[in-house]
Amino acid sequence: MATDADRLLEDLARAQTVVAHLTACLNLASQVRDHLMVRTVEAGKNVAQIRTRTGLARSRIYAILERTDLDD
């Protein structure tokens, strides 16, 4: 018969699996966002336009573009 501690351990393991899956989803979404930002700049939009449309901070946009070796 499972004890309270055993059930809690199982719940913790399930929660950790959910966290791992959500982390992977967030990482993928971040990569897609970065790729789209690079394509947006390559297509002729500037940082101010990206900032207005997305609400991202200017410093965050520059950090992404710097990481991908692009600037506006």
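Up top you'll find the structure we're talking about.
Residues numbered from 1 in each chain as written. Predicted model: local features only at pLDDT ≥ 70, side-chain atom pairs only at ≥ 80, totals over all residues. Heavy atoms only, no water.

Asker: Just to check I follow, could you spell out a nonpolar patch on the surface for this structure?
Answerer: Among the surface-exposed residues, L28, V32 and L36 lie close enough to one another that they form a single nonpolar patch of about 270 Å² accessible area. In this fold, V32 is placed in helix α1 (residues 4-42). Under the relative-accessibility criterion, V32 is labelled partly exposed at 42%. (Patch = residues over 30% accessible without salt bridge, like charges linked within 9 Å, V, L, I, M, F, W, Y side chains within 5 Å. Areas by Shrake-Rupley, 256 points an atom, 1.4 Å probe, with all protein chains shown as cover. Salt bridge = Lys/Arg side-chain N within 4 Å of Asp/Glu carboxyl O. Helix = DSSP H or I, 4+ residues; strand = E, 2+ residues; numbered from the N terminus. Buried < 20%, exposed > 50% of the residue type's maximum accessible area, 1.4 Å probe, protein only.)

Asker: Help me out: how do you make sense of the pattern of salt bridges in this one?
Answerer: Side chains that differ in sign of charge can pair as their charged atoms come close. As enumerated under the stated definition, the model contains 4 salt bridges in all. Where salt bridges share partners, they join R33, D34 and R67 into one cluster.

Asker: Even after reading the chapter, I still don't get the packing of helix α2 (residues 47-54) against helix α3 (residues 58-67), so can you show me in this structure?
Answerer: The description of two packed helices rests on the angle between their axes and on the distance between the axes. Where α2 meets α3, the axes come as close as 10 Å, and the angle between the chain directions of the two elements is 120°. It follows that α2 is oblique to α3 by the angle criterion. The crossing of α2 and α3 is right-handed. Within the contact between the two elements, α2 uses V47, I50 and R51 and α3 uses R58, I61, Y62 and L65. Among the residues forming the contact of α2 with α3, the class breakdown is 5 nonpolar, no polar and 2 charged. (Axes fitted to C-alpha atoms, helices over the stretch in contact; angles between N-to-C directions. Parallel < 35°, antiparallel > 145°, perpendicular 65-115°, else oblique. Left-handed = near helix turned anticlockwise from the far one by under 90°. Contact = heavy atoms within 4.5 Å. Nonpolar A, V, L, I, M, F, W, Y, C, P; charged D, E, K, R; others polar.)

Asker: Before we go on, may I ask you to explain the nonpolar core in this structure?
Answerer: A general tendency of soluble globular proteins is for nonpolar side chains to be buried together. Core analysis: the largest hydrophobic core is formed by 7 residues, namely M37, V41, V47, I50, I61, I64 and L65. Of all the secondary-structure elements, those providing two or more residues to this core are α1, α2 and α3. With 3 residues, α3 is the largest single contributor of residues to this core. Setting aside residues up to four positions removed in sequence, M37 forms contacts with I50, L56, I61, I64 and L65. (Core = buried A, V, L, I, M, F, W, Y, C linked by side-chain atoms within 4.5 Å.)

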